[in-house]
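# Residue-level structure breakdown
Read off the chains here:
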Amino acid sequence: MWSIEARNAAIANSVYTCAINRVGTERFENEFTSGDGKSAHHEFGEFYGSSYVAAPDGCRTPGLPRDQDGLLVTEVDLNLQRQIRDKWCFSMTGRYDMYAQQLTEFTSDGYQRPIIRASK
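First, a word on what this report is: a plain description of the structure on this page. (Residues numbered from 1 in each chain as written. Predicted model: local features only at pLDDT ≥ 70, side-chain atom pairs only at ≥ 80, totals over all residues. Heavy atoms only, no water.)

## As for the nonpolar core
Spelled out, the test is: Nonpolar core, defined: a set of buried Ala, Val, Leu, Ile, Met, Phe, Trp, Tyr and Cys residues in which side-chain atoms within 4.5 Å join the residues together. Note on exposure labels: buried denotes an accessible area under 20% of the residue type's maximum, exposed denotes more than 50%, and partly exposed covers the range between, all computed with a 1.4 Å probe on protein chains only. The numbering of helices and of strands both runs from the N terminus, where a helix is a DSSP run of H or I of at least 4 residues and a strand a run of E of at least 2. Residues are treated as being in contact if the distance between any of their heavy atoms lies within 4.5 Å.
By size, the foremost hydrophobic cluster in this structure holds five residues: Ala6, Ala10, Ala19, Tyr52 and Ala54. The set of elements that each furnish at least two residues to this core consists of helix 1 (2-13) and strand 4 (52-54). Contacts of Ala6, omitting those with residues within four sequence positions, involve Thr17, Ala19, Tyr52 and Ala54.

What follows is the structure, given as structure tokens:
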């Protein structure tokens, strides 16, 4: 999924996205469990690495290595964003006023989400 996650977001939003992830592992002083039934451990596990940049048309840069630090530098064509928006017209069917209203409501103090129960 990692190889397509940022690509999907780039396409859906007609923007460039960056999939960033570190490499190596992290060690914690205190043991913890992962809820997977395995015994407690100190290490979080290996991080995936493979950072990349995705364009609004779904193309992407090669990923950085999984096992060593790296720096990815790339050029982005901001005109491509406009071209893709004009070509694919995703924003034409967006309900941005509704999204803004719901976001305001859902993030307000005292918001209580509705609980939906199955009927008997």
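## What about helix 2 (residues 78-88)?
Note the threshold: The arc in question is the one spanned by the directions pointing from the helix axis to the C-beta atoms. We call two N or O atoms a polar contact when they sit within 3.5 Å, provided that within protein one can donate a hydrogen and the other can accept it, with sequence-adjacent residues counted only if both atoms are side-chain atoms.
Among the residues of helix 2, those classed as buried are Leu80, Gln81 and Ile84. Buried residues of helix 2 fall within an arc of 105° about the axis and therefore sit on the same side. Opposite the packed face of helix 2, turned more than 90 degrees from it, sit the exposed residues Leu78, Asn79 and Asp86. Among the residues of helix 2, the N-terminal cap falls to Asp77, whose side-chain oxygen and the backbone nitrogen of Asn79 are separated by 3.0 Å. In the stretch just after helix 2, Cys89 is the one whose phi turns positive, near 55°.

## Observations concerning the pattern of salt bridges
Definition in use: When a carboxyl oxygen of Asp or Glu lies within 4 Å of a side-chain nitrogen of Lys or Arg, that pair is called a salt bridge.
All told, the structure shown has one salt bridge when counted by the stated rule. With a shortest N-O distance of 2.7 Å, Arg22 and Glu26 are connected by a salt bridge. According to the relative accessible area criterion, Arg22 is partly exposed, its value standing at 45%.

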